[in-house]
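Results of the structural survey
The chain contents come next:
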Amino acid sequence: MKAIVATDQAAEAAGITLAERPEPTPAINDVVVDVHASGFVPAEWEWPSTWVDRSGHDRAPAVIGHEFAGVVSSLGYGTTGLSLGQRVFGITDWHRDGTLAEYVAVEARNLAPLPGNVDFTAGASLPISCLTAWQGLFQHGRLQAGQTVLAHGAAGAVGSVVTQLAREFGAYVIGTGRAADRQAALDLGANEFLDLEHDDLSDLGGVDLVFDVIGGDVQRRSAGIIRPGGTLVSVVGPAETRPADGLAIDFVVESVPGQLVEIVDRVRDGRLRLHVGTVATLDDAVPALNPTERRKGKTVVRVRP
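Cut-off values and rules
Residues numbered from 1 in each chain as written. Predicted model: local features only at pLDDT ≥ 70, side-chain atom pairs only at ≥ 80, totals over all residues. Heavy atoms only, no water. Helix = DSSP H or I, 4+ residues; strand = E, 2+ residues; numbered from the N terminus. Rg over C-alpha atoms; globule rule 2.2 N^0.38 Å. Buried < 20%, exposed > 50% of the residue type's maximum accessible area, 1.4 Å probe, protein only. Areas by Shrake-Rupley, 256 points an atom, 1.4 Å probe, with all protein chains shown as cover. Lys, Arg positive; Asp, Glu negative; His and termini not counted. Charge placed at Lys NZ, Arg CZ, Asp CG, Glu CD. Axes fitted to C-alpha atoms, helices over the stretch in contact; angles between N-to-C directions. Parallel < 35°, antiparallel > 145°, perpendicular 65-115°, else oblique. Left-handed = near helix turned anticlockwise from the far one by under 90°. Contact = heavy atoms within 4.5 Å. Nonpolar A, V, L, I, M, F, W, Y, C, P; charged D, E, K, R; others polar. Phe/Tyr/Trp six-rings, centres within 6.5 Å; stacked < 30°, edge-to-face > 60°. Salt bridge = Lys/Arg side-chain N within 4 Å of Asp/Glu carboxyl O. Pairing = 2+ DSSP bridges.

Brief notes about the overall build of the protein
Within the protein, the secondary structure is distributed over eight helices and 16 strands. Taking 305 residues into account, the globule formula puts the C-alpha radius of gyration at 19 Å, and the protein, at 19 Å, falls close to it. Structurally, the protein occupies a C-alpha span of about 55 × 40 × 35 Å along its principal axes. In the protein, buried positions account for 52% of the 305 residues. Accessible surface, the protein as shown: approximately 13100 Å² in total, 49% of it carbon and sulfur. Between the mean site of the 25 positive side-chain charges and the mean site of the 38 negative ones, the protein shows a separation of 4 Å.

Below you can see the structure in the form of structure tokens.
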């Protein structure tokens, strides 16, 4: 089968190539999925699981990509809850070959049904960004109606979902980003927008929850404006700075089918708008995954026509 593989950790995106790989076989409780579309997160180059397995053994050349939508093509021994020909979407295990390929083996428990009126490109764009937002806000941030949320990168793949979900659940949302992102963030539901290059975070007063996708100095300054009892949620690794009287939480997103159903239902009824940017074919994926300029929105690779 065709697949996009990472060959050189030091080269990062420059070290990926389109290659032929053996088709996967399903292990116990697995399914093999005929991949129709796959999302991609550029930070994969920084993840240890891209390069080594759980035993610390080298995985290169490893098939990259971990979110996808497709059709179940075979079932492993003992697999229940899914059927041949079923449309599904979800996240694969971080330490196994990924989804930028014609087929992928994945644990059945990581998948949710993809409704027939949501196309595969849309389905592949949802799992990582949307589950990150959902879990950061509700599981880890314990968001409550009436609270104030500072959503960094409010027009980005994760931040755009944070903004929409937080507003839906009754929060007051302050989005951040570059000046060019202002209108997009406001259109997505942000009550206010702050230009990180020119505006001062300290002018905001107190917030209850910071959703951080940036880290560094932005995270440090954000921690200083969190109200007593508030929470800093980081998706860029352990927080370097903690709120003076609050919590700092970092987490790795996981595939939770029930949450995927909640998310795709919101896409179907219009409560959640997608933020798909570049769409490429598998044959043309290498340059799309190694862009020479900043791109907006989620990168999705169509594996099947």
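The rest of the description comes next.
Some details on the packing of helix α3 (residues 127-140) against helix α4 (residues 159-168)
Two numbers describe how α3 lies on α4: the axes approach to 9 Å, and their chain directions differ by 45°. If you check the angle between α3 and α4, you find them oblique. Here α3 and α4 pass one another in a crossing that is right-handed. Contacts between α3 and α4 involve Cys130, Ala133, Trp134, Leu137 and Phe138 from the former and Val161, Val162, Leu165 and Ala166 from the latter. Of the residues contributing to the contact of α3 with α4, the split by class is nine nonpolar, no polar and no charged.

Remarks on unusual backbone geometry
Cis rather than trans, the peptide bond between Ala60 and Pro61 has omega equal to 0°. Inspection of the secondary structure assignment puts Pro61 in the loop between α1 (48-51) and β4 (62-63). The backbone of Asn29 shows a phi angle near 70°, a positive value even though the residue is not glycine. Here Asn29 shows up in the loop between β2 (16-20) and β3 (30-40). The phi dihedral of Arg142 is positive, around 50°, even though this residue is not glycine. You can see Arg142 is positioned in the loop between α3 and β9 (148-151).

Describing the packing of aromatic side chains
Enumeration over the complete set of coordinates arrives at four aromatic pairs. Ring geometry for Trp47 and Trp94: centres 5.3 Å apart, planes at 75°, overall edge-to-face. Taken as a pair, Trp47 in the loop between β3 and α1 and Trp94 in the loop between β6 (87-91) and β7 (103-107) lie far apart in primary sequence, 47 residues in all. A relative accessible area of 22% places Trp47 in the partly exposed class. Seen in terms of ring centroids, Trp134 and Phe169 are 6.2 Å apart; in terms of plane orientation they differ by 85°. Their pairing is edge-to-face.

Focus: the packing of α3 against helix α7 (residues 257-269)
The interhelical angle for the contact between α3 and α7, taken along N-to-C directions, is 110°, at an axis separation of 10 Å. If you check the angle between α3 and α7, you find them roughly perpendicular. Touching Pro127, Cys130, Leu131, Trp134, Gln135 and Gln139 of α3 are Gln259, Leu260, Glu262, Ile263 and Arg266, all from α7. In terms of residue class, the contact of α3 with α7 is built from six nonpolar, three polar and two charged.

Quick notes on the pattern of salt bridges
On inspection of all chains with the given rule, the structure shows 17 salt bridges. Salt-bridge contacts for Arg59 lead to Asp97; the nearest nitrogen and oxygen are separated by 3.2 Å. A residue pair is termed long-range when its members are at least 10 positions apart, and Arg59 in the loop between α1 and β4 and Asp97 in the loop between β6 and β7 qualify at 38 residues. Put simply, Arg221 and Asp217 hold a salt bridge, and the shortest N to O gap is 2.9 Å. With Arg221 and Asp217 both in helix α6 (residues 216-223) and four residues apart, this pair spans about one turn of that helix. A relative accessible area of 25% means that Arg221 is categorised as partly exposed. We classify Asp217 as partly exposed; its relative accessible area is 41%. Residues joined by salt bridges that share partners form a network here, namely Glu168, Glu262, Arg266, Asp269 and Arg271.

Notes on the sheet that holds strand β14 (residues 247-250)
Read across the sheet, six strands follow the order β11-β10-β9-β12-β13-β14 without closing on themselves; strand pairing throughout is parallel. Bordering the open sheet on either side are β11 (192-195) and β14, each of which pairs with just one other strand. Each neighbouring strand pair of the sheet contributes to a mean axis angle of 15°, computed without reference to strand direction. Most of the contacts of α6 go to strand β13 (residues 226-234), to which it runs at about 160°, and overall it touches β9, β12 (207-212) and β13.

Comments concerning the side chain of Asn110
Within the fold, Asn110 resides in the loop between β7 and β8 (111-113). Given a relative accessible area of 10%, Asn110 falls into the buried group. Aside from chain neighbours lying at most four places away, what touches Asn110 is Phe89, Gly90, Ile91, Asp93, Ser255, Pro257 and Leu260.

Coordinates in, geometry out; function isn't part of it.
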